[in-house]
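A look at the structure
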Amino acid sequence: MGKIIFVTGTDTGVGKTLLTALLLFHLRSQGKKALAMKPFCSGGRGDAELLHSLEAEDIGLEELNPFHFKRPIAPYLAATKKELERITLEGVAHHILTVSERCDYLLVEGAGGLFVPLGENWFVKDLIEVLDCEVILVSRNRLGTINHTLLSAKTLEKLRLKRGVKVVLMGQKKPDFSAATNGKYLREALAGTPVVSVGFQGAGASRVKAIKATGKKLKIVLAPLV
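Before going into details, it helps to say that this report is about the structure given with it. (Residues numbered from 1 in each chain as written. Predicted model: local features only at pLDDT ≥ 70, side-chain atom pairs only at ≥ 80, totals over all residues. Heavy atoms only, no water.)

Describing the side chain of Ser178
Here is the rule: Secondary structure is summarised from DSSP: a helix means a run of H or I of at least four residues, a strand means a run of E of at least two, and numbering begins at the N terminus for each. A 1.4 Å probe rolled over the protein chains alone gives each residue an accessible area, and that area as a share of the maximum for its type sets the label: buried under 20%, exposed over 50%, partly exposed in between.
Following the sequence through the fold, Ser178 ends up in the loop between strand 9 (165-170) and helix 9 (182-189). Judged by its relative accessible area of 11%, Ser178 falls in the buried class.

Quick look at helix 10 (residues 208-217)
Keep this limit in mind: The arc in question is the one traced by the directions running from the helix axis out to the C-beta atoms. In this analysis, two residues are considered to be in contact whenever any of their non-hydrogen atoms come within 4.5 Å of each other.
Those residues of helix 10 that fall on the buried side of the exposure criterion are Ile211, Thr214 and Gly215. Considered in projection along helix 10, the buried side chains sweep an arc of 105° and stay on one side of the axis. Of the exposed residues in helix 10, those oriented more than 90 degrees away from the buried face are Lys209, Lys216 and Lys217. The inward-facing, buried residues of helix 10 contact helix 1 (16-29) and helix 11 (219-222).

A short note on the pairing of strand 5 (residues 105-113)
Rules: Strand pairing follows a simple DSSP-based rule, namely that at least 2 bridges must link the two strands.
For strand 5, a buried count of 9 out of 9 residues is recorded, marking the element as mostly surrounded by other parts of the structure. With 6 bridges connecting them, strand 1 (residues 3-9) and strand 5 associate as parallel partners. Directly across from Ile4, in strand 5, lies its bridge partner Leu106. Across 4 bridges, the pairing between strand 2 (residues 34-37) and strand 5 is parallel.

Topic: the sheet that holds strand 5
Working definition: the strands of a sheet are paired by backbone hydrogen bonds and lie parallel or antiparallel to each other. The condition that has to hold: With axes taken as lines fitted to C-alpha atoms, and helix axes fitted only over the stretch in contact, angles between N-to-C directions fall between 0 and 180 degrees.
Across the sheet, 6 strands lie side by side as 2-5-1-8-9-10; this open sheet has parallel pairing. Taken across any chain shown, the strands that pair with only one partner, and hence form the sheet edges, are strand 2 and strand 10 (195-198). Recorded for the sheet is a direction-independent mean angle of 20° between the axes of neighbouring strands. Two elements, strand 8 (residues 134-140) and strand 9, share 6 bridges in a ladder whose sense is parallel. By the bridge assignment for strand 9, Arg140 is matched with Met170. Of the strands in this sheet, strand 1, strand 2, strand 5, strand 8 and strand 9 are in contact with helix 1, which crosses strand 5 at around 175°.

Looking at the nonpolar core
This is how it is decided: Definition used in this section: a nonpolar core is a set of buried Ala, Val, Leu, Ile, Met, Phe, Trp, Tyr and Cys residues joined via side-chain atoms within 4.5 Å.
Phe40, Ile96, Leu106, Leu127 and Ile128 are the most contacted members of the largest nonpolar core, which totals 68 residues. For this core, the element with the most residues is helix 1, which contributes 8 residues. The residues contacting Ile96, other than those within four sequence positions of it, are Ile4, Met37, Pro39, Leu106, Val108, Leu127 and Leu131. Core analysis: the next-biggest nonpolar cluster, separate from the first, contains 7 residues, Leu137, Leu169, Leu190 and Val195 among them.

Observations regarding unusual backbone geometry
For residues besides glycine, phi is generally negative; the peptide bonds are generally trans as well. In this model, Asn121 sits at a positive phi of 65°, which is unusual for a non-glycine residue. With respect to the helices and strands, Asn121 occurs in the loop between strand 6 (117-119) and strand 7 (122-123). Phi at Arg160 is positive, roughly 55°, even though this residue is not glycine. Secondary-structure assignment places Arg160 in the loop between helix 8 (145-158) and strand 9. Since its relative accessible area comes to 69%, Arg160 is described here as exposed.

So yeah, pure geometry; function would need other evidence.
And the structure:
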């Protein structure tokens, strides 16, 4: 079974897909047998399609993203009753573990934050706990991120994971005054938890060509995360 790294966030749209794609490219460019999944997509499948474009020869889109919904709301709310019957915590975890048997590293991108409901009475945090995997917590480097990051980090602590947790602050197009101090404070408040900053990469950063170029440029930054 390969090493599973779960990429979650403090919110939706914080940069989870971009970071997951960069890590996938980084690992594969280093000769590692790496795959990435996004089990749940709501309101479009673009995130899963981006990951698929970087690994299409090794995993199918349906296997990478088995649950996708048209409505841009939490998966549990977007799914029909019939769909919910097959969205069980045990079933989703089994699917992820099965894929992990085919690679050395498996990146799993979550949907939104830790308390996004995925099925009946279970959340993203519950999937992380069952997998007992390493976790990368992604947050925006802007005003408010200290509160959101600490709340999420404290939730992860309560799961008593055997694996480590790392925090990644994603740079914004127009950094506010807090961007210069957020990282320093979080490193102090989360003593022992690595906090890494990734600068803003531009509006077209999620295109495949840009992912490959940025992945090479950020090799030193990405390496400690995996």
